[in-house]
Amino acid sequence: MGRFDTERKEMIEELKNKGITDANVLDALAKVERHLFVDPMFVNKAYEDSALPIASEQTISQPYTVAFMTQALQLKKDMKVLEIGTGSGYQATILATMGCRVFTIERHLSLLNNARKMFDKLNLRVAAKGGDGTIGWKEHAPYDGIIVTAGSPTIPEPLMHQLAEGGRIVIPIGTKEFQSLAIGIKIKDKLEVKEVEGFKFVPLIGKNAWS
Ligand code: SAH
């Protein structure tokens with residue numbers, strides 16, 4: 001058994017108790033070693049259900065948030081997913097572990113480079129680039145799923161355009177202090193959105209979000 005296997009199993013039980021039901025999502029969270037993605041200083045807290053600081057004043061999202069957002073996308077193997085806000089690379093690793101083709105964008109190049117090293121080390125199908133994710137990544141569009149892991153005032157227009165028909169987007173929307181999670185599905189070129197309260201994110205900074 002590896003280090004932290006017991007803790008990771010307990011985390012999965014906690015996520016089930018909190019209402020996560022998608023078996024593919026739970027399997028991926030059970031496999032991926034979150035302790036590899038957190039600051040060594042916080043390694044003993046890696047399997048608590050809380051967000052933790054990473055470099056560049058950013059955070060690795062809470063496991064429940066990762067599970068909830070991933071479940072909301074209703075992904076299947078081989079689907080194409082765009083993530084905005086690579087951060088530690090943990091969320092992208094979960095998506096790749098589920099068999100998705102992952103494209104991810106990060107504005108902090110030092111975070112991007114660390115995440116890329118992890119993707120290489122773990123041999124994952126993830127394409128990562130630096131830059132402003134609020135303009136999306138047109139070359140690989142359309143996406144079956146788009147996940148934005150930072151909070152925005154509105155849904156950036158280019159992301160709506162780059163979503164496939166029937167595709168889903170999950171994005172925190174609100175003020176810099178308070179957001180709710182918008183879950184949208186694109187039907188006949190229009191987005192049907194529902195909102196879920198109770199999440200907290202760092203700000204999405206870019207052309208189509210906060211300045
Ligand atoms: N998904 C990450 C969580 C990272 S926190 C993980 O699993 O660890 C959100 C990230 O979004 C931060 O790293 C921040 O730098 C990044 N970010 C904020 N605005 C961005 C933008 N416009 N484009 C790309 N990344 C952005």
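Our structure's up above, just so we're on the same page.
Just so we're clear, the structure is a prediction, and the values are computed from it rather than from any experiment.

K.L.:
Please provide a residue-by-residue account of the overall build of the chain, values included.
P.N.:
Within the chain, the secondary structure is distributed over six helices and nine strands. Based on the C-alpha atoms only, the size of the chain along its principal axes is roughly 50 × 35 × 35 Å. Out of the 211 residues belonging to the chain, those deemed buried represent 51%. Long-range contacts, defined here as pairs at least 24 residues apart, represent 53% of the contacts in the chain between residues at least 6 apart. Carbon together with sulfur atoms contributes 52% to the accessible area of the chain, which is approximately 10,300 Å² in total. When the 27 positive and 26 negative side-chain charges of the chain are each reduced to one mean point, those points stand 4 Å apart.

K.L.:
So what's going on with the nonpolar core? Which residues, and what values?
P.N.:
Leu-15, Ile-20, Leu-29, Tyr-90 and Ile-94 are the most contacted members of the largest nonpolar core, which has 48 residues in total. Secondary structure elements with two or more residues in this core: α1 (5–17), α2 (23–31), α3 (63–72), α4 (90–97), α5 (109–121), β5 (126–130) and β8 (179–187). The element that contributes the greatest number of residues to this core is α3, accounting for six residues. What Ile-94 contacts, discounting residues up to four positions off in sequence, is Ala-28, Leu-29, Val-32, Val-66 and Thr-70.

K.L.:
Run through the packing of aromatic side chains, naming residues and quoting values.
P.N.:
Inspection of the entire model under this criterion finds seven aromatic pairs. With a centroid separation of 5.3 Å and 40° between ring planes, the pair formed by Phe-68 and Phe-199 is classed as tilted. Taken together, the residues Phe-68 in helix α3 and Phe-199 in strand β9 (residues 190–199) connect sequence positions 131 residues apart. Of the two residues, Phe-68 and Phe-199, neither departs from the other in class, the shared state being buried. Within the aromatic cluster, the residues linked to one another by ring pairs are Tyr-64, Phe-68 and Phe-199.

K.L.:
Can you explain unusual backbone geometry? Please cite residues and give values.
P.N.:
Of note, the bond from Ala-141 into Pro-142 is cis; its omega dihedral lies within 30 degrees of zero at 0°. Turning to its location among the elements, Pro-142 is positioned in the loop between β5 and β6 (143–148). Residue Phe-4 is not a glycine yet carries a positive backbone phi of 75°. Within the secondary structure, Phe-4 sits in the segment before α1. The exposure class of Phe-4 is buried, given its relative accessible area of 9%.

K.L.:
Outline α5, supporting the account with residue identities and numerical values.
P.N.:
With 13 residues, α5 extends 18 Å from end C-alpha to end C-alpha; this agrees with the ideal 18 Å at 1.5 Å per step. Within the span of α5, buried status applies to Leu-111, Leu-112, Ala-115, Met-118 and Phe-119. Seen from one end, α5 has its buried residues packed into an arc of 125°, which puts them on one side. Among the exposed residues of α5, those oriented more than 90 degrees off its buried face are Leu-109, Lys-117, Asp-120 and Lys-121. On its buried side, α5 packs onto α4, β4 (101–106) and β5. Once α5 ends, the next one or two residues include Asn-123, with phi positive near 60°.

Parameters at a glance
- Residues numbered from 1 in each chain as written.
- Predicted model: local features only at pLDDT ≥ 70, side-chain atom pairs only at ≥ 80, totals over all residues.
- Heavy atoms only, no water.
- Helix = DSSP H or I, 4+ residues; strand = E, 2+ residues; numbered from the N terminus.
- Buried < 20%, exposed > 50% of the residue type's maximum accessible area, 1.4 Å probe, protein only.
- Contact = heavy atoms within 4.5 Å.
- Areas by Shrake-Rupley, 256 points an atom, 1.4 Å probe, with all protein chains shown as cover.
- Lys, Arg positive; Asp, Glu negative; His and termini not counted.
- Charge placed at Lys NZ, Arg CZ, Asp CG, Glu CD.
- Core = buried A, V, L, I, M, F, W, Y, C linked by side-chain atoms within 4.5 Å.
- Phe/Tyr/Trp six-rings, centres within 6.5 Å; stacked < 30°, edge-to-face > 60°.
- Expected span 1.5 Å × (residues − 1).
- Arc of directions from axis to C-beta.

Any link to function would need more than the numbers given here.
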